[in-house]
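# Fold and geometry: a report
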Amino acid sequence: MTVLLWIAVLSLLVWLWLAGCHGLFWRTDVRLPPRRPPARWPQVAVVVPARDEAEVLPLSLPSLLAQKYPGRARVVLVDDHSTDGTGALARSLAAPGGLELTVASPPPLPPGWTGKLWAVRHGVELAGADAEYLLLTDADIAHGPDSLAELVAAAEANRLDLVSQMARLRVETGWERLIVPAFVYFFAQLYPFRWSNRPGSRTAAAAGGCSLVRREALERAGGVAAIRGAVIDDVSLARAVKATGGRTWLGLAEQVDSVRPYPRLAQLWRMVSRSAYAQLRHSPVLLLGTVLGLTLVYLVPPVAVLAGVAAGAWPVAVAGGAAWALMTGTFVPMLRYYRQPAPAALLLPFTAALYLLMTVDSAVQHWRGRGAAWKGRTYG
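Residue numbers here run from 1 along each chain, matching the order of that chain's written sequence. At least 70 in pLDDT is required for a residue's local features to be given in this predicted model, at least 80 for side-chain atom pairs to be given and counted, and no such filter applies to totals for whole chains, interfaces and linings, which use all residues. Heavy atoms throughout the structure, all of them, feed into the side-chain values; hydrogens and water do not.

The chain is annotated in an unreviewed UniProt entry as Glycosyltransferase from Kitasatospora purpeofusca.

## With respect to the packing of helix α11 (residues 284–311) against helix α12 (residues 314–337)
Think of two packed helices as two axes; the pair is described by the angle between the axes and how far apart they sit. Rules: Inter-axis angles, ranging from 0 to 180 degrees, are taken between N-to-C directions of lines fitted to C-alpha atoms, where helices are fitted over the stretch in contact. Under the DSSP-based scheme used, a helix requires at least four consecutive residues in state H or I and a strand at least two consecutive residues in state E, with every element numbered from the N terminus. Left-handed is the label given to a crossing in which the near helix is rotated counterclockwise from the far helix by less than a right angle, and right-handed is the label when the rotation is clockwise. Throughout, a residue-residue contact means that at least one pair of heavy atoms, one from each residue, lies within 4.5 Å. Polar here means any residue other than Ala, Val, Leu, Ile, Met, Phe, Trp, Tyr, Cys and Pro, which are nonpolar, and Asp, Glu, Lys and Arg, which are charged; Gly is therefore polar.
Two elements in contact, α11 and α12, have axes whose closest approach is 7 Å; the angle formed by their N-to-C orientations is 145°. Crossing of α11 over α12 shows left-handed handedness. Here V297, Y298, P301, P302, A304, V305, G308 and V309 of α11 lie close against α12, whose contacting residues are W314, V316, A317, G320, G321, A323, W324 and M327. Tallied by class, residues from the contact of α11 with α12 come to 13 nonpolar, three polar and no charged.

## So, unusual backbone geometry
Put simply, the test is: Three exposure classes are used, based on accessible area relative to the maximum for each residue type with a 1.4 Å probe and protein chains only: buried under 20%, partly exposed in between, and exposed over 50%.
The phi angle at D52 is positive, at roughly 55°, despite the residue not being glycine. With respect to the helices and strands, the residue D52 is situated in the loop between β1 (44–50) and α2 (57–65). Overall, the relative accessible area of 25% leaves D52 in the partly exposed class. Even without being glycine, H282 reaches a positive phi, approximately 55°. The topology assignment puts H282 in the loop between α10 (265–279) and α11.

## What to know about helix α1 (residues 2–21)
Note the following rule: Between the first and last residue of a helix there are one fewer steps than residues, each counted as 1.5 Å, and that sum is the expected span. Arc definition: directions from the helix axis to the C-beta atoms.
Helix length check: α1 (20 residues) gives 28 Å between terminal C-alpha atoms against 28 Å at 1.5 Å per residue, within 8%. When we look at burial in α1, the residues that qualify are L4, A8, S11, L12, W15, L18 and A19. Relative to the axis of α1, the buried residues are bounded by an arc of 125° and lie together on one face. Structural note: α1 exposes T2, V3, W6 and G20 on the side pointing more than 90 degrees away from its buried face. In this fold, the buried residues of α1 make contact with α6 (174–190), α11 and α12. Following α1 by one or two positions, G23 has its phi on the positive side, about 70°.

## Things to note about the UniProt feature "transmembrane region" (unreviewed entry) in the chain
Convention followed: UniProt positions are given in the numbering used here, feature names are shortened, and annotations may be inferred rather than shown by experiment.
UniProt records the feature "transmembrane region" (unreviewed entry) for residues 285–307, 313–332 and 344–364 in the present numbering. Its end C-alpha atoms 29 Å apart, residues 313–332 is made of 95% helix and 0% strand. In the segment residues 344–364, helix accounts for 81% and strand for 0%; the C-alpha atoms at its two ends are 30 Å apart.

## Focus: the pattern of salt bridges
Note the following rule: One side-chain nitrogen of Lys or Arg within 4 Å of one carboxyl oxygen of Asp or Glu is enough to make a salt bridge.
On inspection of all chains with the given rule, the structure shows 17 salt bridges. Here the residues in one salt-bridge network are R27, D29 and R194, joined through shared partners.

## Regarding the nonpolar core
Condition: Only buried Ala, Val, Leu, Ile, Met, Phe, Trp, Tyr and Cys residues count toward a nonpolar core, and they belong to the same one when joined by side-chain atoms within 4.5 Å.
If you look at the biggest cluster of nonpolar residues, it comprises 83 residues, and the most contacted ones within it are L61, V75, L77, L148, Y185, L212 and Y298. Element by element, the count of residues in this core is highest for α6, at nine residues.

## What about the side chain of D79?
Filter applied, for reference: Charge assignment in this entry is limited to Lys and Arg as positive and Asp and Glu as negative, and neither His nor the chain termini are counted.
Here D79 lies in strand β2 (residues 73–79). The buried charged residue D79 lacks any salt bridge partner; its closest oppositely charged side chain belongs to R91, at an N-O distance of 5.9 Å. Discounting residues that sit within four places of it in the chain, D79 has contacts with A50, T86, G87, A104, S105 and P106.

Structure (structure tokens):
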């Protein structure tokens, strides 16, 4: 039990550091910064890449077309060679009095580009040089009526080049309630929002579902072409903008929601595993470190509690219990943000074990040549 005691103590020390010194990643109070209506509302183009999105488009596109934006704005939906009638459906959703809608398809996908970014590039071109801001949003994201105006007001008032909000994902099924809040929690742990929002910080991140970028900043960063092969395009965009002197901001959304359902574990599994190994830069060393780190931080505490109680080794149980309590306490705010019961935080070690397996599976699929597959395309 001596070895387990030292490991449990190490886990506790890590949790003390995470809770107090890691950018307060676990707090959910990072929302849009203070804002006021600008003296002049800049022109905005909303760019929506869409590939086989007929299922969710009726729930998302009308919310974009109904934006109450005081300035000039238009929506450009790029139908990425869909086979389910996405383009025709998008055109049918245009309504009188709403924002202008343009539906187009990009040329065939060239080598070196991901399909989404090739579609985004085409949409940016169609937006025209008059668009001072570009809202890059996914086809499964619904926006509240004032979402665009709030984003622009925040960017203008705080001189931000990139304003991104992490959409509130759907949590209706049992698997969604178990996996989704932890997904956002782990993302915030990997990229603490406060660090990312600090000018000069090496941390940079964004959420691809809702990113408002100043056109000038995008062009200064090399345009969409600068990140053309990125699987994790949102983080890559934030890094590119920040590397060229731009100011970025990322926080949790209040008017932006994902409408895509993930009712089964297999769908959630694929959502995570398709990009997890890319996040580790396809490095076996980083993969090993991640597996060991997840084990130490999330799995050791409950194992120490159970083993310590079973063997009567109370120091082991106490160290593990303290680490588990810190883990649970930092997860509760995210559960509250998702309107889930606080006791569910005790299940975080089990969820972390699933994420560990998803990460390993992501590496295995990559080694088999099937990594980063999405909508019929596979990227190396």
